[in-house]
Amino acid sequence: PPHDGARRRSAASLVLRTGEGFLDREHDMFLEHFADAEDWFAARNACYAHAWDASGTRLLVAGGPLAYGLKGCYVGLWR
């Protein structure tokens, strides 16, 4: 296997993009604090957990809304 330095260099060049996931835009907390906001960044989903498979070739990511009190979910799988 490659030494740690080689592994870090190859991982640094890898970019994985996430989709929107689900965010309940009808929930009271969203309507009260984010519905009229120009910066929707605070209402985006965040990745809270991740796991690689044993071969290191697949990644599972799970998460939900970044802001406390919002309802939603996110799951991503890269192969």
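Every value quoted in this text rests on a predicted model; they were computed, and no experiment measured them. (Residues numbered from 1 in each chain as written. Predicted model: local features only at pLDDT ≥ 70, side-chain atom pairs only at ≥ 80, totals over all residues. Heavy atoms only, no water.)

Draft legend 1. Region of interest: the pattern of salt bridges. Inspection of every chain in the model, using the stated rule, returns 1 salt bridge. One salt bridge in this structure joins Asp-53 and Arg-58, with 3.1 Å as the shortest N-O distance. (Salt bridge = Lys/Arg side-chain N within 4 Å of Asp/Glu carboxyl O.)

Draft legend 2. Structural view of the environment of Gly-19. Mapped onto the fold, Gly-19 is located in the loop between α1 (4-12) and β1 (22-23). When its relative accessible area of 49% is taken as the criterion, Gly-19 is described as partly exposed. Spatially, the C-alpha atom of Gly-19 lies 8.0 Å from that of Gly-76, the residues being 57 residues apart in sequence. (Helix = DSSP H or I, 4+ residues; strand = E, 2+ residues; numbered from the N terminus. Buried < 20%, exposed > 50% of the residue type's maximum accessible area, 1.4 Å probe, protein only.)

Draft legend 3. Representation of the layout of surface pockets within the structure. Empty space within the second largest pocket amounts to approximately 220 Å³. If you trace the second largest pocket, you find 13 residues lining it, with Gly-19, Glu-20, Ala-43, Arg-44 and Asn-45 closest to the centre. Top element by residues in the lining of the second largest pocket is strand β2 (residues 45-52). It accounts for 3 residues. Residue classes in the lining of the second largest pocket are distributed as 6 nonpolar, 4 polar and 3 charged. (1 Å grid on protein atoms, 1.4 Å probe; cavity = no way out; pocket = protein on both sides within 12 Å on 5 of 7 lines; lining within 4 Å. Points joined across faces, edges and corners; volume = space filled by probe spheres on them. Nonpolar A, V, L, I, M, F, W, Y, C, P; charged D, E, K, R; others polar.)

Geometry only, nothing functional implied.
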